[in-house]
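# Working through the structure, step by step
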Amino acid sequence: MIEIYGQPNCVHCEKAVELCKDKKLPYKYFTVKQDITIEEFKEMFPRKLTVPQINVDGQYLGGYDELEAKYEKPM
């Protein structure tokens, strides 16, 4: 399961969701300040100041670039 933590009007957040949809990957999207508080976000991702922040199967992956690198590998 992919967990994407993002905010509205975030291009990379939207790209992460689209990648999951295109690849038919199971994901959940959490909006910071709506689904989780800023404090929870900071606790989950210390020293991370940007969105999206992404976990895969409970493990921290990174941002959109890392998600793309993991799942857009040529076949």
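Just above sits the structure.
Description of the structure in this document. Keep in mind the model is a prediction, meaning the values are calculated, not measured. (Residues numbered from 1 in each chain as written. Predicted model: local features only at pLDDT ≥ 70, side-chain atom pairs only at ≥ 80, totals over all residues. Heavy atoms only, no water.)

## Side note on the pairing of strand β4 (residues 59-62)
Alignment of strand β3 (residues 53-56) against β4, held across three bridges, turns out to be antiparallel. Residue V56 lies in a different strand from β4, and its bridge partner there is Q59. Hairpin remark: β3 followed by β4, antiparallel, with two residues in the connecting loop; positive phi at D57, about 50°. (Pairing = 2+ DSSP bridges. Helix = DSSP H or I, 4+ residues; strand = E, 2+ residues; numbered from the N terminus.)

## Comments concerning the pattern of salt bridges
Here the idea is simple: oppositely charged side chains can pair when their charged atoms come close. Taken as a whole and judged by the stated rule, the model has one salt bridge. Note that K23 and E72 form a salt bridge whose closest N and O atoms lie 3.7 Å from each other. Of this pair, K23 sits in the loop between α1 (11-22) and β2 (27-31) while E72 sits in the segment after α3 (64-71), placing them 49 residues apart in sequence. Judged by relative accessible area, K23 falls into the partly exposed class, the value being 35%. (Salt bridge = Lys/Arg side-chain N within 4 Å of Asp/Glu carboxyl O. Buried < 20%, exposed > 50% of the residue type's maximum accessible area, 1.4 Å probe, protein only.)

## Remarks on unusual backbone geometry
Between V51 and P52 the backbone carries a cis peptide bond, its omega angle lying at 0°. Here the phi dihedral of D57 falls at roughly 50°; this positive angle occurs in a residue that is not glycine. Taking the relative accessible area as the measure of exposure, D57 reaches 57% and is therefore exposed.

## Observations concerning the packing of aromatic side chains
In this structure the tally under the stated criterion is four aromatic pairs. An angle of 15° between the planes, with centres 4.9 Å apart, marks the rings of Y5 and F30 as stacked. Taken together, the residues Y5 in strand β1 (residues 2-6) and F30 in strand β2 connect sequence positions 25 residues apart. According to the relative accessible area criterion, Y5 is buried, its value standing at 5%. With a centroid separation of 5.8 Å and an interplanar angle of 55°, the aromatic rings of F45 and Y60 are classed as tilted. (Phe/Tyr/Trp six-rings, centres within 6.5 Å; stacked < 30°, edge-to-face > 60°.)

These results come straight from atomic positions and should not be treated as a statement about function.
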